[in-house]
Amino acid sequence: MDLLDKSPPSKIAGPADTQERQIADALIQDIMEWRLPPGTWIREREIAERFQVSHAPVREAFRRVERAGFVELTPYRGARVIEIDAHAANELIECWKALYGVVCRLAAENFKGDDGPLMRHLEKYEAIIAATPDPAQHVPVGFELGRLIRDSAGGSLAPQLLSKVGRLVRWQHKLLREEDIAYGSPGASQQSAELHRRLVEAIVSNRPDDADKTARDVIALTQKVLILAIEARLAEITGTRPLPLRKRRRRAAATA
């Protein structure tokens, strides 16, 4: 794949570490927006030409993207965007679920003062769900609410790990379409709004056990819908037939 077709060349100035970071951020953004799909090879020469830099900052940028979990490096070949499959996605979401529970527990234990920002963003999330069934509109607002919750937990290791895992999950969320919500879990968007209200109320009222459990319920709701979406998209890519709607709903119910 010619990456020069994906983005016009743009010179990056500044110290080497700044170049590495900017190139890595640009590549991660390309991957998360599916301009570089799973399985795509990213060539060192093409990236150096795209950003008009030497090969050294590109190699370090590749290492940064690898540490973020988005690519695998192969000597003399470059970086390859990791593949997505339902099993790996499920493992990732299980990690996300556990970490989110811990972070929300910490947030509930540590929460003090003004609950205004959390409540306002919760209301924004509820409003967007009421306005449209499109998950592409819901997800960014939901993740922003999650970031506010994460920040209220304090500067511990768990929020940092959650941020890294959450970015990978956010990439996979790009697979979700409106029909996936309907197939995977009818009424899932409204359930999500209700769970998030319970979660925020548990945090601001300092109820860590309730916050932990509800946080895991929030992720579990996403989990069954996302896994079904990944299976359906993979079926489209490979040309196999996806599960019929009836069986997909039955599987979703079994994972509830």
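Bear in mind that the values here come from a model prediction, so they are computed numbers and not experimental data.

1. Structural notes on the environment of Glu 83
Thought 1: Note that Glu 83 resides in the loop between strand E3 (78-81) and helix H4 (86-110).
Thought 2: Measuring from C-alpha to C-alpha, the distance between Glu 83 and Pro 37 comes to 8.5 Å, with 46 residues separating the pair along the chain.
Thought 3: When sequence neighbours within four positions are dropped, the list of residues in contact with Glu 83 reads Pro 38 and Gly 39.
Thought 4: Within the structure, the side chain of Glu 83 is placed 2.9 Å from the side chain of Arg 80, a separation counted as a polar contact.

2. Focus on the sheet that holds strand E1 (residues 41-42)
Thought 1: Taken in spatial order, the three strands line up as E1-E3-E2 in an open sheet, and their pairing is antiparallel. Of all the strands in the sheet, just E1 and strand E2 (71-74) have a single pairing partner and so form its edges.
Thought 2: Here E2 pairs with E3 via four bridges, running antiparallel. Following the sheet pairing, Val 71 is matched in E3 by Val 81.
Thought 3: Taken strand by strand, helix H3 (residues 55-67) contacts E1, E2 and E3, and its axis lies near 135 degrees from that of E2.

3. With respect to the packing of helix H5 (residues 116-131) against helix H9 (residues 188-204)
Thought 1: The N-to-C vectors of H5 and H9 enclose an angle of 175 degrees; their axes lie 10 Å apart at closest approach. By the criterion of interaxial angle, the relationship of H5 to H9 is roughly antiparallel. On H9, the residues that touch Leu 118, Met 119, Leu 122, Glu 123, Tyr 125, Glu 126 and Ile 129 of H5 are Ser 189, Gln 190, Ser 192, Ala 193, His 196, Arg 197, Val 200, Glu 201, Ile 203 and Val 204.
Thought 2: Of the residues that constitute the contact of H5 with H9, the class distribution is nine nonpolar, four polar and four charged.

4. Focus on the confidence of the model for the protein chain
Thought 1: Scored by pLDDT, the protein chain has a mean of 81; 79% of the residues are at 70 or more.
Thought 2: When the criterion is pLDDT under 50, residues 1-9 qualifies, and its contacts beyond four places in sequence or with other chains add up to 21 contacts.

5. Quick look at the side chain of Gln 223
Thought 1: Take Gln 223: it is sitting in helix H10 (residues 208-238).
Thought 2: Since its relative accessible area comes to 9%, Gln 223 is described here as buried.
Thought 3: The contact partners of Gln 223, leaving out residues within four places of it in the chain, are Asn 90, Ile 93, Glu 94 and Lys 97.

6. So, the packing of helix H6 (residues 135-152) against H9
Thought 1: In the contact formed by H6 and H9, the axes pass within 12 Å of each other and the chain directions differ by 15 degrees. Considered as vectors, H6 and H9 are oriented roughly parallel to each other. Crossing of H6 over H9 shows left-handed handedness. For the pair H6 and H9, the contacting residues are His 138, Leu 145 and Ile 149 in the first and Ser 189, His 196, Leu 199, Val 200 and Ile 203 in the second.
Thought 2: Considering only residue class, the contact of H6 with H9 consists of five nonpolar, three polar and no charged.

7. Overview of the pattern of salt bridges
Two side chains that carry opposite charge are able to pair once their charged atoms sit near each other.
Thought 1: A full pass over the atoms with the stated rule returns 18 salt bridges.
Thought 2: The partner of Asp 209 in a salt bridge is Arg 105, with the nearest N and O atoms 2.8 Å apart. Placement of Asp 209 in helix H10 and of Arg 105 in helix H4 is noted, with a sequence separation of 104 residues between them.
Thought 3: You can call Asp 209 exposed: its relative accessible area is 53%.
Thought 4: Arg 105 gets classed as partly exposed once you look at its relative accessible area, which sits at 25%.

8. Regarding the side chain of His 121
Thought 1: Assignment of secondary structure puts His 121 in helix H5.
Thought 2: Setting aside residues no more than four positions away along its own chain, His 121 makes contact with Val 141, Glu 144, Leu 145 and Leu 148.

9. Brief notes about the pairing of E3
Thought 1: Pairing geometry for E1 and E3, over two bridges, is antiparallel. Bridge pairing links Trp 41 to Arg 80 in E3.
Thought 2: What sits between E2 and E3 in their antiparallel hairpin is a turn of three residues, with Tyr 76 showing a positive phi close to 70 degrees.

10. Details of the packing of aromatic side chains
Thought 1: This model, assessed by the stated rule, comprises three aromatic pairs.
Thought 2: Aromatic side chains Trp 96 and Phe 143 sit 5.9 Å apart centroid to centroid with 20 degrees between the ring planes, which places their arrangement in the stacked category. On the criterion of sequence distance, the pair formed by Trp 96 in helix H4 and Phe 143 in helix H6 is long-range, its members being 47 residues apart.
Thought 3: On the basis of relative accessibility, which here comes to 12%, the residue Phe 143 falls in the buried class.

Quick notes on the rules
- Residues numbered from 1 in each chain as written.
- Predicted model: local features only at pLDDT ≥ 70, side-chain atom pairs only at ≥ 80, totals over all residues.
- Heavy atoms only, no water.
- Helix = DSSP H or I, 4+ residues; strand = E, 2+ residues; numbered from the N terminus.
- Contact = heavy atoms within 4.5 Å.
- Polar contact = N/O pair within 3.5 Å; in protein donor to acceptor, adjacent residues only side chain to side chain.
- Pairing = 2+ DSSP bridges.
- Axes fitted to C-alpha atoms, helices over the stretch in contact; angles between N-to-C directions.
- Parallel < 35°, antiparallel > 145°, perpendicular 65-115°, else oblique.
- Nonpolar A, V, L, I, M, F, W, Y, C, P; charged D, E, K, R; others polar.
- pLDDT = per-residue confidence, 0-100.
- Buried < 20%, exposed > 50% of the residue type's maximum accessible area, 1.4 Å probe, protein only.
- Left-handed = near helix turned anticlockwise from the far one by under 90°.
- Salt bridge = Lys/Arg side-chain N within 4 Å of Asp/Glu carboxyl O.
- Phe/Tyr/Trp six-rings, centres within 6.5 Å; stacked < 30°, edge-to-face > 60°.

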